[in-house]
Amino acid sequence: MLLVVTYSQAARTTLRNICRTHDNVVVRRFGRAALFSETELAAFLALRLREKHDADVQIERTEPFNEFTAVPEPVREAAAAYESRDSSATPYSKFVVGTDYPSASEMRDREL
Amino acid sequence: MRLRLPDGTVRTGRAIDLSSERLDPNEVVDAVRTDSGRDADCTDSAPDTGLCIECPEPGPGYDRLARIPAPNSPLSRGELLVAVGRSRELATPVDDDLARLEARLLEREPDSDENTATLPAPSASDLREARRRVAAAGDDESRLRERVATLRGRLNAHREADDEEAAAATQSELVEVATELSEVETERVAAKQRLDALERAARRARDGREERLRIRDAIANRRRELRAYLSTELGDEFDATVRELVADARGPNDFVRSATSGTGNLQQTVVNGLAAVRIAELNAPVVLMRQPFTDLETAVQWLGTPVITC
């Protein structure tokens, strides 16, 4: 999908107008951003928006997140284990001590 | 009002003191709600063993005003005045909008019977399982693809070396792996299709949730306007009634016992609740946990409703 983010009042207004007139292109709207469907029409509208407002418009292409393809197993397991921890007050840094789960700093340095 | 206690004792009158009975006030309010309006028969020969109350049917606004002090958190002045407005069946400029929005929300609730058009949202675990299958099939596929490439290379090498025997063996292994690969490919395509279908369904469900959130926000805005409107319409009357009650609790003892009010200051939430009941149009009995009046008859007179104390 296409993520369209606007950074000026004028660009936001145009985005709002696009969303109003092209309901079927818009998957989701959030304030001054919107997710467009992956169609040529959506790309056409996004590009027109950028032509008009230039640097006030950011366009990103998103894809569905599949943790089983994108994320190493230890990271997935760490997330599940930490969310089912016994004491909700335990910070992650303390939680990983003595386990095989990756530390936050290890994960910070590794690219997905 | 006619009331039968669980032990079979029957009490009648506009004011009934149950403070010695140790009853849960919620239970009393529930009994008013369920028994009144229907042809409750609270004679001592009735078979029901629970608390039974024969009284006028509770009208709109009763839910909020029935208990003093209110259970859980105290009601704001605005909330009390909305309940008063409801009890008087006052028309307000937002009534139509509010009714329309509430109806729209109701027909969009996913568990509503009328709403058969919306399919149930796929569960998070269904989606996770579908993603896991796609990933697993994808891994198998790339592993087999590599294996096919290796075997092709080996087959060519054997052929160039004129090693017929080795080439035949590699050829048959290649056929086997290629068959397996095509099966795994089919599996991956099927897994991907299933995931796509679930994601589409999840997106539709999110559309519905977003729409409901939008309606809820609109309802909250209309309710705010309703509170503001009724505060303007009923505020002066309410404030005057509160002042009357507070002045009486402090001044020469007329209808409020200063003993119950401790230092002479009644608890503000109780004062507000009592004032709201006085200006409301309630027919069903209100349940008082703290009774600041000199006697129950005075309470009935001042509040203009039947009274039960717990």
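In this text, all values refer to a predicted model and were calculated from it rather than measured experimentally.

Colleague: It is not clear to me how the overall build of chain B should be interpreted in this structure. Could you clarify?
Modeller: Broken down by element type, chain B carries eight helices and seven strands. Across chain B, the fraction of contacts at a sequence separation of at least 24, relative to all contacts at a separation of at least 6, is 70%.

Colleague: Quick question: what am I supposed to make of the overall build of chain A here?
Modeller: Of regular secondary structure, chain A possesses six helices and four strands. Reading chain A from its N terminus to its C terminus gives the helix and strand order β-α-β-β-α-β-α-α-α-α. When each of the 112 residues of chain A is scored for burial, the buried share is 12%. A separation of at least 24 residues holds for 58% of the contacts in chain A among residues at least 6 apart in sequence.

Colleague: Would you mind showing me how to read the sheet that holds strand S3 (residues 15-17) of chain B here?
Modeller: Each strand in a sheet pairs with another by means of backbone hydrogen bonds, the pair being arranged parallel or else antiparallel. On the basis of which strands lie adjacent, the open sheet formed by four strands has the order S3-S7-S6-S5 (chain B) and parallel pairing. In this open sheet, the two strands that pair with only one neighbour each are S3 and strand S5 (67-68) of chain B.

Colleague: Mind showing me how you'd approach helix H5 (residues 124-160) of chain B here?
Modeller: An α-helix turns once per 3.6 residues; consequently, residues spaced three or four apart project the same way. Residues and elements named next belong to chain B. With 37 residues, H5 should cover 54 Å at 1.5 Å per step; its first-to-last C-alpha distance of 54 Å lies within 8% of that length. Taken together, the buried positions of H5 are Ala 130, Arg 131 and Val 134. After H5 finishes, the residue Asp 162 shows a positive phi value of roughly 55 degrees.

Colleague: Got a minute to help me understand the packing of helix H3 (residues 77-87) of chain B against helix H7 (residues 268-279) of chain B in this structure?
Modeller: What describes two packed helices is the angle between their axes and the distance between those same axes. Residues and elements named next belong to chain B. The interhelical angle for the contact between H3 and H7, taken along N-to-C directions, is 20 degrees, at an axis separation of 9 Å. Between H3 and H7, the crossing angle belongs to the class labelled roughly parallel. The crossing of H3 and H7 is right-handed. Facing Arg 77, Leu 80, Ala 83 and Val 84 of H3, the residues of H7 in contact are Asn 272, Ala 276 and Ile 279. Here the residues of the contact of H3 with H7 sort into five nonpolar, one polar and one charged.

Colleague: It is not clear to me how the nonpolar core should be interpreted in this structure. Could you clarify?
Modeller: Soluble globular proteins tend to pack their nonpolar side chains together in the buried interior. Ranked by size, the top nonpolar core spans 47 residues in total, and within it Leu 65, Ala 276, Val 277 and Val 286 of chain B carry the most contacts. For Leu 65 of chain B, the residues in contact, after removing those within four places along its chain, are Ala 83, Ala 276, Val 277, Ala 280, Leu 282 and Val 286 of chain B. Counting residues in each nonpolar core, the second largest holds twelve residues, with Ala 11, Leu 15, Val 25 and Phe 36 of chain A among its members.

Colleague: Even after reading the chapter, I still don't get helix H8 (residues 296-303) of chain B, so can you show me in this structure?
Modeller: All names here are of chain B. Those residues of H8 that fall on the buried side of the exposure criterion are Ala 299, Trp 302 and Leu 303. Taken end-on, H8 shows its buried residues confined to a sector of 85 degrees, consistent with a single buried face. Packing partners of the buried residues in H8 comprise S3, H7, strand S6 (286-288) and strand S7 (307-309). Looking at the residues trailing H8, positive phi occurs at Gly 304, about 75 degrees.

Colleague: I keep staring at the packing of helix H1 (residues 9-21) of chain A against helix H2 (residues 40-53) of chain A and nothing clicks. Help me out?
Modeller: Residue and element names in this part refer to chain A. Across the interface, H1 lies against H2 with an axial gap of 10 Å and an inter-helix angle of 155 degrees. By the angle class used here, H1 and H2 are roughly antiparallel. The way H1 lies across H2 gives a crossing that is right-handed. In this structure, H1 uses Ala 10, Ala 11, Thr 14, Leu 15 and Ile 18 to contact H2, whose residues at the interface are Leu 45, Leu 49, Lys 52 and His 53. Split by residue class, the contact of H1 with H2 holds six nonpolar, two polar and one charged.

Colleague: Looking at this structure, I do not really get the sheet that holds strand S1 (residues 2-6) of chain A. What am I missing?
Modeller: All names here are of chain A. Across the sheet, which stays open at both edges, the four strands sit in the order S2-S3-S1-S4 with antiparallel pairing between neighbours. Each edge of the open sheet is held by one strand with a lone partner, namely strand S2 (26-30) and strand S4 (57-61). Averaged over all pairs of adjacent strands, the angle between strand axes in this sheet comes to 15 degrees, irrespective of strand direction. Pairing geometry for S1 and S4, over five bridges, is antiparallel. Along S4, the bridge assignment pairs Val 4 with Ile 59.

Colleague: Got a minute to help me understand the confidence of the model for chain B in this structure?
Modeller: Low pLDDT marks regions whose predicted coordinates should not be analysed in detail. Averaged over chain B, the pLDDT score is 87; the fraction of residues at 70 or greater is 87%. Counting contacts from residues 258-264 of chain B, a segment whose pLDDT is below 50, to residues more than four positions away or on other chains yields twelve contacts.

Colleague: Just checking my understanding: could you explain the pairing of strand S3 (residues 33-36) of chain A for this structure?
Modeller: Consecutive side chains along a regular strand alternate between the two faces of the sheet. Residues and elements named next belong to chain A. Judged by which residues are buried, S3 turns out to be one-sided: Ala 34 and Phe 36 face inward and are buried, whereas Ala 33 and Leu 35, on the alternate face, are not. Examined bridge by bridge, S1 and S3 share four bridges and lie antiparallel to one another. Counted as the bridge partner of Leu 3 is Leu 35 from S3. In the sheet, S2 pairs with S3 via four bridges, with the strands oriented antiparallel.

Colleague: In this structure, what is going on with unusual backbone geometry? I would like to understand it.
Modeller: If a residue is not glycine, its phi is most likely negative; likewise, a peptide bond is most likely trans. Look at the link from Ile 68 of chain B to Pro 69 of chain B: it is a cis peptide, with omega at -5 degrees. Within the element layout of this structure, Pro 69 of chain B appears in the loop between S5 and H3. Even without glycine at this site, Asp 54 of chain A takes up a positive phi of about 55 degrees. Using a count of 10 C-beta atoms within 10 Å as the deciding quantity, one classes Asp 54 of chain A as exposed.

Colleague: Whenever I open this one, the environment of Glu 244 of chain B confuses me. Can you help?
Modeller: Its place among the elements puts Glu 244 of chain B in helix H6 (residues 164-250). As for Glu 244 of chain B and Ala 275 of chain B, which are separated by 31 residues in sequence, their C-alpha atoms are 9.0 Å apart.

Colleague: Teacher, can you tell me more about the environment of Met 1 of chain A here?
Modeller: All names here are of chain A. Positionally, Met 1 belongs in the segment before S1. The partly exposed category is assigned to Met 1, around which 17 C-beta atoms lie within 10 Å. For the pair Met 1 and Ala 43, spaced 42 residues apart in the sequence, the C-alpha separation amounts to 9.5 Å. Beyond its immediate sequence surroundings of up to four residues, Met 1 is in contact with Val 27, Leu 35, Phe 36, Ser 37, Glu 38 and Thr 62.

The rules we used
- Residues numbered from 1 in each chain as written.
- Chains lettered and ligands numbered in written order.
- Predicted model: local features only at pLDDT ≥ 70, side-chain atom pairs only at ≥ 80, totals over all residues.
- Helix = DSSP H or I, 4+ residues; strand = E, 2+ residues; numbered from the N terminus.
- Contact = placed C-beta atoms within 7 Å.
- Buried ≥ 20, exposed ≤ 12 C-beta atoms within 10 Å, placed from the backbone.
- Pairing = 2+ DSSP bridges.
- Expected span 1.5 Å × (residues − 1).
- Axes fitted to C-alpha atoms, helices over the stretch in contact; angles between N-to-C directions.
- Parallel < 35°, antiparallel > 145°, perpendicular 65-115°, else oblique.
- Left-handed = near helix turned anticlockwise from the far one by under 90°.
- Nonpolar A, V, L, I, M, F, W, Y, C, P; charged D, E, K, R; others polar.
- Core = buried A, V, L, I, M, F, W, Y, C linked by C-beta atoms within 7 Å.
- Arc of directions from axis to C-beta.
- pLDDT = per-residue confidence, 0-100.

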